[in-house]
Amino acid sequence: MKAPTRNSNDPTDISKVKDLIIVDEHRWNEKKLQQHFTQSEVMKIMEIHLSSTETNSRDKLLWTPHPSCDFSAKSYLRMLADRQPSTSTRSDFPWKRLWKLNKITPKMQMFIWRILKNGLAVGSNMQKHIKGINSEYKLCNNETETIDHLFIHCQATQAALFASPMNLRTGLRPTDIVQECISSWLKEGGDYSKMRMGACMFWAIWKTRNNIIFNKGKFDIHAIIKENVWEPPKSNTIKINFDGDAGIKGFAYGAIARDYKAGFQGYQSREIIFTNAVEAEAYGALLGTEMAVRQGRRDVVIEGDALNIINTLKCPHLPYPWRIQYTVSRIRD
């Protein structure tokens, strides 16, 4: 069999590193890089310094944290100090606004902090600790799953953010990163509406991603938006939203009632030490039901994000945990 011949005129034919460089301009050929590498790889390559003097000179190692490019223990310690999370003054990111923001829950603040510090278990991060793991995103099988790809550059994410009330367009430039997006929301100030909606959308996208990986679910844009946008009930009907969650001191659950005009009709919350997440959600549904009974309400819609609780109430024949049997029976009564 005859070996294939190389077409030297083919612009996509790459055999050496110099084929990826625009020699006359002493810079990387970004267009060629994007043809052969993923976006995260392109960004890493673009960070590599190219000499602007002799093209035939030998390569040498440079220590970029020092002005003279020579390594020193002092510059190394300074670099480590600059990498400390959130307390770093090296970045202009508005950390104080994030931690002082009372428009979102502490759980959501921690989630945003983990996004900003690359602390989520995405494929690229898992690959650092588990050899041989598939780091590709399930919806984009040719792309490495990074924080920026998941929340900014993924086409499914872009469609969800654009279809949301934010009408947000992301990933217009290959160099767009999630930190710049969140920073702009915080710097906007006011009632932080974009920050609140954006954080909730990112949370819903992260939950959907996990559902795809662990439960073989689907990326449902309508479900993502619905989770973050409260839909009013029909006229003369009350909607009660319930929830339960874990905190530092234990578990808490609550319920809030609103009418079709989003008017506040009541709220209750309680704390409990010994329980689990499923029981907390069930207690929240019971609390909302009891509130409706005390108010003499008949046309009531009960809504929550715990699908197992909702399915249990809608379909009595489905099996459910024994821990919530008594609570469920009280709700049905």
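As the structure is a computational prediction, the values presented were derived from the model and not from experiment.

Quick look at helix α13 (residues 307–314)
Buried within α13 we find Ile309, Ile310 and Thr312. End-on, the buried residues of α13 take up no more than an arc of 160°, which puts them together on one face. Exposed and facing more than 90 degrees away from the buried side of α13 are Leu307 and Lys314.

Side note on the packing of aromatic side chains
On inspection of all chains with the given rule, the structure shows nine aromatic pairs. With a centroid separation of 5.0 Å and 85° between ring planes, the pair formed by Phe111 and Trp203 is classed as edge-to-face. With Phe111 in helix α5 (residues 106–116) and Trp203 in helix α10 (residues 193–215), this pair connects stretches of sequence that are 92 residues apart. For Phe111, a relative accessible area of 3% gives the class buried. When its relative accessible area of 24% is taken as the criterion, Trp203 is described as partly exposed. Their ring planes at 40° and their centres at 5.4 Å tell us that Tyr253 and Tyr283 sit as a pair that is tilted.

Description of the confidence of the model for the protein chain
Low pLDDT means the predicted atomic positions in that stretch should not be read closely. Here the protein chain averages 82 in pLDDT, and 89% of its residues register 70 or above. Per-residue pLDDT, averaged within each element of the protein chain, yields its smallest value for strand β4 (residues 140–144) (75) and its largest for α5 (92). Ignoring residues within four places in sequence, the model shows residues 1–9, a span with pLDDT below 50, making four contacts including any to other chains. Across residues 85–90 the pLDDT falls below 50, and counting only partners more than four positions away or on other chains, this stretch makes nine contacts in the model.

Concerning the environment of Gly189
Here Gly189 lies in the loop between α9 (178–188) and α10. Note: C-alpha distance between Gly189 and Arg97 (92 residues apart in sequence) is 8.8 Å.

Let's talk about the nonpolar core
Side chains of a nonpolar character, in soluble globular proteins, are inclined to be buried together. Among the nonpolar cores identified, the biggest contains 42 residues, and Phe111, Ile112, Ile115, Phe151, Ile182, Met195 and Phe202 are the most heavily contacted of them. Going through the elements one at a time, α4 (95–100), α5, α7 (147–153), α8 (155–163), α9, α10 and α11 (221–228) are the ones with two or more residues in this core. Among the elements that make up this core, the one with the highest residue count is α10 (nine residues). Apart from the residues within four sequence positions on either side, Phe111 is in contact with Leu120, Phe151, Ala199, Phe202, Trp203 and Trp206.

Digging into the side chain of Thr237
Along the chain, the position of Thr237 falls in the loop between α11 and β5 (238–246). Thr237 sits in the buried class, given a relative accessible area of 11%. Once you skip the residues sitting within four places of it in the chain, Thr237 turns out to touch Arg258, Asp259, Tyr260, Asp299, Val300 and Val301.

Details of unusual backbone geometry
Residues other than glycine seldom take positive phi values, yet Tyr192 does so here, at roughly 55°. Its place among the elements puts Tyr192 in the loop between α9 and α10. The class for Tyr192 is buried, based on a relative accessible area of 16%. Even without being glycine, Lys216 reaches a positive phi, approximately 55°. Position of Lys216 relative to the elements: it lies in the loop between α10 and α11. For Lys216, a relative accessible area of 77% corresponds to the exposed category.

Some remarks on the side chain of Glu279
Secondary-structure assignment places Glu279 in helix α12 (residues 277–294). A relative accessible area of 11% means that Glu279 is categorised as buried. With near-sequence residues (within four places) excluded, Glu279 lies in contact with Arg323 and Ile324.

Remarks on helix α14 (residues 325–332)
Three or more residues of α14 are buried, namely Thr327, Val328 and Ile331. Here the buried residues of α14 occupy an arc of 95° about the axis, which is enough to place them on one side. Check the buried side of α14 and you find it contacts α12 and α13.

Some remarks on the pattern of salt bridges
Taken as a whole and assessed by the stated rule, the structure comprises six salt bridges. Between Arg209 and Glu145 there is a salt bridge; the shortest N-O distance is 2.7 Å. Remark: Glu145 occurs in the loop between β4 and α7 and Arg209 occurs in helix α10; sequence separation between them is 64 residues. Taking the relative accessible area as the measure of exposure, Glu145 reaches 3% and is therefore buried. Salt-bridge contacts for Lys194 lead to Glu188; the nearest nitrogen and oxygen are separated by 3.5 Å. Taking the relative accessible area as the measure of exposure, Lys194 reaches 38% and is therefore partly exposed. With a relative accessible area of 47%, Glu188 lands in the partly exposed category.

Some remarks on the pairing of strand β6 (residues 251–258)
Two elements, β6 and strand β7 (residues 264–272), share eight bridges in a ladder whose sense is antiparallel. Bridge pairing in β7 links Gly254 to Ser269. Between β6 and β7, which follow one another and run antiparallel, lie five residues, and Ala262 among them has a positive phi close to 70°.

Parameters and conventions
Residues numbered from 1 in each chain as written. Predicted model: local features only at pLDDT ≥ 70, side-chain atom pairs only at ≥ 80, totals over all residues. Heavy atoms only, no water. Buried < 20%, exposed > 50% of the residue type's maximum accessible area, 1.4 Å probe, protein only. Helix = DSSP H or I, 4+ residues; strand = E, 2+ residues; numbered from the N terminus. Arc of directions from axis to C-beta. Phe/Tyr/Trp six-rings, centres within 6.5 Å; stacked < 30°, edge-to-face > 60°. pLDDT = per-residue confidence, 0-100. Contact = heavy atoms within 4.5 Å. Core = buried A, V, L, I, M, F, W, Y, C linked by side-chain atoms within 4.5 Å. Salt bridge = Lys/Arg side-chain N within 4 Å of Asp/Glu carboxyl O. Pairing = 2+ DSSP bridges.

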